[in-house]
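Structural characterization, general
The primary structure of each chain is shown beneath.
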Amino acid sequence: MDLRLTAKEKRFREEVRDFIATNLPEDIRSHLRAGHPPTKDHIVRWHRILNTRGWATAHWPKEWGGAGLSPVERMILTEEIFLAPAPTPLVFNSSMIGPVIIQFGSEEQKRQFLPKIANLDIWFCQGFSEPDAGSDLASLRTLARRDGDHYVVTGQKIWTTMAHHADWMFCLVRTDPAAKKQVGISMLLIDMKTPGVTVRPIMSIDGHHHLNEVFLDEVRVPVENRVGEENKGWDYAKFLLGHERTGIAGVGRSKERLSYARELATQVKAGKRPLAEDPCFREQLALIEADLKALEITQLRVVAGHAGHHADKPDPLTSVLKVRGTELYQAVCELACRSAGPAAIAIQPAGGAADELDAAPRWGAALAPSYFYSRAASIYGGSNEIQKNILAKTVLGL
Ligand SMILES: Cc1cc2nc3c(=O)[nH]c(=O)nc-3n(C[C@H](O)[C@H](O)[C@H](O)COP(=O)(O)OP(=O)(O)OC[C@H]3O[C@@H](n4cnc5c(N)ncnc54)[C@H](O)[C@@H]3O)c2cc1C
């Protein structure tokens, strides 16, 4: 297998790089470079800029506003966005519910939702997980009772990322409680403004509000908002989760954080020399860099495989990318944190404390929150333990 990029792919990388350099607003770039999570405004603005080229939904067919990119081109685009650094297109819209509606939605749903999903005029959130239904998602209990041309939905969702920004939620509900676990589940599109929907924040360890609980109390959802057939939701969920794992290696994201750690290490001292010249720091940096290179090559092999004869099937090797990618991302965030020394303590300076911090690097305080949040990467998108189970079964045949 030839893993070198073709001349056309190299030209595409240049085109993406130029576009980002010209169009990415500096306030967004510098906010992300300092290690802060993007705001809603950052995500919406940048998603719409990408959409002017069809790059917010790059893998969608052109007919629905995508750019019809190949898997390798899409990988290049994702990497360049991470390297900028810029926010990625809203994953719930472009990689999750969009492809599901294209594949299984009604013509009416395609016309109503796809253009708005592509331009982030509608923000979707993902209502899958519930208390006691995370890794074992098929145990979900949220009930949808049919009442004429509506479903009446009652239950609770949890860990719903950015539900507080969302206009709509794609939601798994149980429509046949008598059937066995995986059967009897349907997928509904729920307008977050419907009476009975309550969103409550969960503050995470980085001090930010990313996550929520969503309570559904007798929420009336028109039957035409069901995606595909009743009781076939599990099939659509599996299709959607296969898409979720695309790009999960986050090679570009780790590379960008590594370059930031390197930059910081030139600004602080280890004894009399800059930290960047310290042999222990250099060794840690080199080890991560080598592992990252190996991951990049593995990713290319997986993506090149997808471009060939396995194109329509999820490749179990994506689980390798998830596990290794998140481990390396966490290692890079830890290294960046170490470069700030005690200044990387997550404090919110107030009054006099801010003056005391003047002696320490200002950038330090942003690093611990992003390190803490990096721990979540090995849980969301299917926890790493579950990925290892998949590898044990499907690759090693254990
Ligand atoms: C930051 C973040 C954002 C998220 N966003 C969303 C979202 O937007 N929408 C949504 O629906 N969900 C979201 N989730 C939920 C996420 O999908 C679940 O947290 C994940 O699937 C794990 O489920 P759980 O938390 O219930 O843990 P559990 O399933 O209870 O697992 C607990 C631990 O046991 C391990 N474990 C469980 N079963 C097995 C097994 N069979 N073999 C070996 N080990 C096992 C797990 O790996 C884990 O370490 C998010 C989670 C996080 C952390």
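Below is a short write-up of the structure. Small disclaimer: the values here were computed from a predicted structure and weren't measured.

The secondary structure content of the protein chain amounts to 13 helices and 10 strands. Taking 398 residues into account, the globule formula puts the C-alpha radius of gyration at 21 Å, and the protein chain, at 22 Å, falls close to it. Projected onto its principal axes, the C-alpha coordinates of the protein chain cover approximately 75 × 55 × 50 Å. A sequence separation of at least 24 residues applies to 71% of the contacts in the protein chain between residues at least 6 apart. The distance from the centre of the 49 positive side-chain charges to the centre of the 48 negative ones in the protein chain is 3 Å.

Another point: the layout of surface pockets. The method is simple in principle: a probe with the dimensions of a water molecule rolls over the atoms, and the space it marks as empty is what remains. In this structure, the second largest pocket spans a volume of roughly 150 Å³. In this structure, the second largest pocket is lined by Leu3, Arg4, Leu5, Arg13, Met75, Glu79, Lys293, Glu296, Ile297, Gln299 and Leu300. Of all the secondary-structure elements, those providing two or more residues to the lining of the second largest pocket are helix H4 (71–83) and helix H9 (279–307). In terms of residues, the lining of the second largest pocket owes the most to one element, H9, which gives five residues. Partitioning the lining of the second largest pocket into residue classes produces five nonpolar, one polar and five charged.

Moving on: empty space enclosed by the protein. Applying the stated rule across the entire model yields one cavity of 30 Å³ or more. As a volume, the largest cavity reaches approximately 30 Å³. Arg257, Cys333, Ala336, Leu367, Ser370 and Tyr371 are the residues that line the largest cavity. The element contributing the most residues to the lining of the largest cavity is helix H12 (residues 367–374), with three residues.

Within strand S5 (residues 185–191), six of the seven residues are buried, which leaves it mostly tucked inside the rest of the structure. Direction of pairing for strand S4 (residues 168–174) relative to S5: antiparallel, over a ladder of seven bridges. Note on S5: the bridge partner recorded for Met169 is Ile190.

This brings us to unusual backbone geometry. When glycine is set aside, most residues are seen to have a negative phi, and most peptide bonds are trans. With an omega of -10°, the peptide bond running from Ala84 to Pro85 counts as cis. The topology assignment puts Pro85 in the loop between H4 and helix H5 (91–104). The backbone of Glu218 sits at a positive phi, close to 55°, despite the residue not being glycine. Assignment of secondary structure puts Glu218 in strand S7 (residues 211–222). The exposure class assigned to Glu218 is partly exposed, which follows from its relative accessible area of 46%.

Attention shifts here to a nonpolar patch on the surface. A contiguous nonpolar patch, built from Leu317, Val395, Leu396 and Leu398 and spanning about 410 Å² of accessible area, is present on the exposed surface. Looking at the element boundaries, Leu398 is found in the segment after helix H13 (384–395).

With that settled, the discussion passes to the site of the ligand. Around the ligand, the surrounding shell holds 18 residues, and the nearest of these are Ser129, Ser135, Trp159, Thr161 and Ser383. For the ligand, an oxygen atom lies 3.0 Å from a polar atom in the backbone of Phe128. Counting residues per element, the shell around the ligand draws most heavily on H13, which supplies three residues. Class assignment for the residues of the shell around the ligand results in nine nonpolar, eight polar and one charged.

Our next topic: the state of the cysteines. Enumeration over the complete set of coordinates arrives at zero disulfides. Of the cysteine sulfurs around Cys333, a residue in no disulfide, the closest is that of Cys337, at 8.2 Å. Overall, the relative accessible area of 4% leaves Cys333 in the buried class.

Quick look at the pattern of salt bridges now. Side chains carrying opposite charge are able to pair once their charged atoms draw close together. Counted by the stated rule, this structure contains 29 salt bridges. With a closest N to O distance of 3.4 Å, Lys8 and Glu73 form a salt bridge. Taken together, the residues Lys8 in helix H1 (residues 7–23) and Glu73 in helix H4 connect sequence positions 65 residues apart. A residue is classified by how much of its surface remains accessible, and Lys8, at 54% relative accessible area, is exposed.

Next up on the list: the nonpolar core. Judged by nonpolar contacts, the single largest core of 54 residues is most densely connected at Ile97, Phe124, Val153, Phe170, Met187, Leu189 and Leu216. Filtering out sequence-adjacent residues up to four positions away, Ile97 remains in contact with Phe92, Ile117, Phe124, Phe170, Met187, Leu189 and Leu240. Core analysis: the next-biggest nonpolar cluster, separate from the first, contains 27 residues, Ala249, Val302, Leu335 and Ala344 among them.

Time to look at the side chain of Ser378. Its location among the elements puts Ser378 in the loop between H12 and H13. Take Ser378: its relative accessible area is 16%, and that puts it in the buried class. Residues contacting Ser378, with those up to four places away along its chain left out, are Lys322, Thr326, Gln330, Ser383 and Asn384.

What counts, and at which threshold
- Counting starts from 1 at the beginning of each chain's written sequence and moves along it residue by residue.
- Restriction of local features to residues with pLDDT of at least 70 applies here, the model being predicted, together with a cutoff of 80 or more for giving and counting side-chain atom pairs; totals for whole chains, interfaces and linings are based on all residues.
- Only heavy atoms go into the side-chain values, all of them from the structure, while hydrogens and water stay out.
- Put simply, DSSP H or I for four residues or longer makes a helix, DSSP E for two residues or longer makes a strand, and each gets a number counted from the N terminus.
- Our radius of gyration is a C-alpha quantity, and the globule rule it is checked against amounts to 2.2 Å times the number of residues to the power 0.38.
- For this analysis, residues touch if any pair of their heavy atoms sits within 4.5 Å.
- By the counting scheme adopted, Arg and Lys are positive, Glu and Asp are negative, and His together with the chain ends is not counted.
- To locate a charge, take atom NZ for lysine, CZ for arginine, CG for aspartate or CD for glutamate.
- Cavity: a set of points on a 1 Å grid over the protein atoms alone where a 1.4 Å probe fits but cannot get out. Pocket: an open set with protein on both sides within 12 Å along at least five of seven lines, its lining residues, like those of a cavity, having an atom within 4 Å of a point.
- Grid points are joined across faces, edges and corners, and a volume is the space filled by probe spheres set on the points.
- Residue polarity is assigned by list, with Asp, Glu, Lys and Arg as charged and Ala, Val, Leu, Ile, Met, Phe, Trp, Tyr, Cys and Pro as nonpolar; anything else, Gly included, falls into the polar class.
- Here's how the labels work: a residue is buried when its accessible area is under 20% of the maximum for its type, exposed when over 50%, partly exposed in between, all with a 1.4 Å probe on protein chains only.
- Paired strands, as defined in this entry, are two strands with at least two bridges between them according to DSSP.
- In this scheme, patches are assembled from residues that exceed 30% relative accessible area and form no salt bridge. Like charges are connected within 9 Å, while nonpolar side chains (Val, Leu, Ile, Met, Phe, Trp, Tyr) are connected within 5 Å.
- Accessible surface area values rest on a Shrake-Rupley calculation with a 1.4 Å probe, where residue burial reflects the displayed protein chains alone.
- Here a salt bridge means any side-chain nitrogen of Lys or Arg lying within 4 Å of a carboxyl oxygen belonging to Asp or Glu.
- Any residue with a non-hydrogen atom lying within 4 Å of a molecule or strand is treated as near it.
- Pairing of N or O atoms within 3.5 Å defines a polar contact, subject to two protein rules: one partner must be a possible hydrogen donor and the other a possible acceptor, and residues neighboring in sequence count only if both atoms are side-chain atoms.
- Note on terminology: disulfide denotes any pair of cysteine sulfur atoms within 2.5 Å.
- Only buried Ala, Val, Leu, Ile, Met, Phe, Trp, Tyr and Cys residues count toward a nonpolar core, and they belong to the same one when joined by side-chain atoms within 4.5 Å.

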